[in-house]
Amino acid sequence: MTHAIRLGCIADDFTGATDLANNLVRAGMRVVQTIGVPSEPLGADVDAVVVALKSRTIPAAQAIAQSLDALRWLQAQGAEQIYFKYCSTFDSTPEGNIGPVTEALMAALHTDFTIATPAFPDNGRTVFKGYLFVGDVLLNESGMQHHPLTPMKDANLVRVLQAQSHTAVGLVDHRCVAQGAQAVLARMAELQAQGVRIAVVDAVSNDDLLRLGPALKHLPLVTAGSGVAIGLPANFGLSANPTASQLPAASGAQAILSGSCSTATRGQVAQFIATGRPAFALDPLALARSPEAAAQVVAQVCAWATPHLASGPVLVYATAEPEAVKAVQAQLGVDAAGALVEHTLADITRGLLALGVRQWVVAGGETSGACVQALGITQMQIGPQIDPGVPWCHAHTPAGPVHLTLKSGNFGSADFFTKALAQLQP
Ligand code: ADP
């Protein structure tokens, strides 16, 4: 029997969910991240759960349906407050999905007021007078105006959110936030009396977010990037503490799987190979010859890994330089090449799991999705941070408990692979 959770979070993408979970853990909450809406009850005693959806760019009606599904599950686990997490660059289209999902959650929670702020000062995202800055420039000058799926051509969040909402959007500006929670509460009451239902809140520093926190205590719904999370655990009597990130002791063999071809990952693969530890390179063109050829490679990797696993980590990688990737894509097609490598790494994951691998480092966002699915993981407890935005996690698989860390392309220092695994040792 587990206790009721305090904070229930709905994230509109997978790595965004981990980013939020990581911030909550660092602020003192024990957190589980789920992959999609679980079909079973929560299997751990934690303060918060982050349900990771993939709802950022799907049609608004589907994003609403998935978010309401997540809400119902979180309510069934006892969540006292709901946190709708979106990107700190407010990634959305004129149709949504931030506005429509926010309004649907408000209706379901019977609340007529919430806030919206993507501010994440640690990552250079600040909101001033309702305008979102990325580093030193406005959102619409940051490169985000060219984003292929969600081009952000206006930095004024009140206007952006108003365009995708039915209800009135207002602003709690920095002068008010600077005066502290009482002033914010008074301003929110004033806006509410004017008929405003969603307030964009300025924040240019972590101090702003910490001052904002107490003013959010009684809101059934908070909508934000991951930054606002640092001010919420205190509302539940929780503060930063080392036990929030504590995971069970690690055991079993270690493997690193890399399907990311991003710059940082290429450096990490090169650095690991330079340590002299065993590494196996996958050749997508050899995999593409036939399903039998691919199955043979999987068997070959497992046979190769077996003697090495007793003495330390092995690396299996499809990581390649941009020219090599382009050549493969030209022959196989971009999607087919990606799917083939992901499928093969998933098969290798299952093979290595059977060989006793219980500590996993996975590089690549899409690759992580494939490996997590292959491991049969639906819930992960979030542990200590390895590098900004990348924590260790603990999860149950049909073969037993595992530790894993999921690193998206450009995250992590050059020695990330060995550093991460060394951190798990007692
Ligand atoms: P990142 O987080 O760096 O973007 P992803 O795993 O999300 O990494 O995406 C990398 C994609 O490239 C995956 O679909 C993967 O299967 C594919 N891929 C990996 N290696 C190769 C390669 N050598 N040739 C072509 N595609 C590859």
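Our structure's up above, just so we're on the same page.
These lines cover the structure that appears in this document, whether it is placed above or below. Residues take numbers from 1 onward in each chain, read along the sequence in its written order. A pLDDT threshold of at least 70 governs which residues receive local features in this predicted model, and a stricter bar of 80 or more applies before side-chain atom pairs are shown or counted, although totals over entire chains, interfaces and linings include all residues. No hydrogens and no water enter the side-chain calculation; it runs on all heavy atoms of the structure.

1. Some remarks on the site of the ligand
Thinking step 1. Here a residue is considered near a molecule or strand provided that any single heavy atom belonging to it is located within 4 Å of it. Taken together, 18 residues are adjacent to the ligand, and Ser260, Ser262, Glu342, Glu366 and Thr367 come closest.
Thinking step 2. Nitrogen and oxygen atoms within 3.5 Å of one another constitute a polar contact, given that in protein one can donate a hydrogen and the other can accept it, and given that sequence-neighbouring residues count only through two side-chain atoms. Ser260 is positioned such that a nitrogen or oxygen atom in its side chain is 2.6 Å from an oxygen atom of the ligand.
Thinking step 3. Between an oxygen atom of the ligand and a side-chain N or O atom of Thr367, the distance comes to 2.6 Å.
Thinking step 4. Accessible surface area values rest on a Shrake-Rupley calculation with a 1.4 Å probe, where residue burial reflects the displayed protein chains alone. When the ligand is considered free in solution it has 570 Å² of accessible area, and contact with the protein chains removes 83% of it.
Thinking step 5. Going along the chain from the N terminus, every DSSP run of H or I of four or more residues is numbered as a helix, and every run of E of two or more is numbered as a strand. Elements supplying a minimum of two residues to the shell around the ligand: helix H11 (322-332), helix H12 (334-354) and helix H13 (365-374).
Thinking step 6. The residue inventory of the shell around the ligand, partitioned by class, reads seven nonpolar, nine polar and two charged. In this classification, the charged set is Asp, Glu, Lys and Arg, the nonpolar set is Ala, Val, Leu, Ile, Met, Phe, Trp, Tyr, Cys and Pro, and all remaining amino acids, among them Gly, are polar.

2. Observations regarding H13
Thinking step 1. The complete set of buried residues in H13 reads Thr367, Ser368, Ala370, Cys371, Val372 and Ala374.
Thinking step 2. Residue contacts follow a heavy-atom distance rule, with two residues in contact if any of their heavy atoms lie within 4.5 Å. Those residues of H13 that are buried are in contact with strand S2 (31-35), strand S12 (253-258), H12, strand S15 (357-363) and strand S18 (400-407).
Thinking step 3. Where H13 ends, the next residue or the one after it, Gly376, has phi of about 70°, a positive value. Each residue is assigned to one of three classes by its accessible area relative to the maximum for its type, calculated with a 1.4 Å probe on protein chains only: buried under 20%, partly exposed between the two thresholds, exposed over 50%.

3. Some thoughts on the packing of aromatic side chains
Thinking step 1. Between 30 and 60 degrees the pair is tilted, below 30 it is stacked and above 60 it is edge-to-face, where a pair is any two Phe, Tyr or Trp rings, Trp via its six-membered ring, whose centres lie within 6.5 Å. Under the definition given, this model contains five aromatic pairs.
Thinking step 2. With a centroid separation of 5.3 Å and an interplanar angle of 65°, the aromatic rings of Phe280 and Trp304 are classed as edge-to-face. One end of the pair, Phe280, is in strand S13 (residues 279-281); the other, Trp304, is in helix H10 (residues 291-309), with 24 residues separating them in the sequence.
Thinking step 3. Phe280 sits in the buried class, given a relative accessible area of 14%.

4. Digging into the pattern of salt bridges
Thinking step 1. A pair is scored as a salt bridge if a Lys or Arg side-chain nitrogen falls within 4 Å of a carboxyl oxygen belonging to Asp or Glu. Here the structure, examined in full by the defined rule, presents 14 salt bridges.
Thinking step 2. For Glu80, the salt bridge identified is with Arg6, shortest N-O distance 2.8 Å. Highlighted residues: Glu80 in the loop between helix H2 (60-76) and strand S4 (81-85) and Arg6 in the segment before strand S1 (7-11), separated in sequence by 74 residues.
Thinking step 3. Residue classification places Arg6 among the partly exposed positions, given a relative accessible area of 27%.
Thinking step 4. One salt bridge connects Arg56 with Asp12, and the closest N-O pair in it is separated by 2.8 Å. Of the two residues, Arg56 sits in the loop between strand S3 (48-52) and H2 while Asp12 sits in the loop between S1 and helix H1 (14-26), which places them 44 residues apart along the sequence. A single burial state applies to Arg56 and to Asp12, both of which are buried.
Thinking step 5. When salt bridges with common partners are traced through the structure, they connect Asp12, Asp13, Arg56 and Asp91 into a single cluster.

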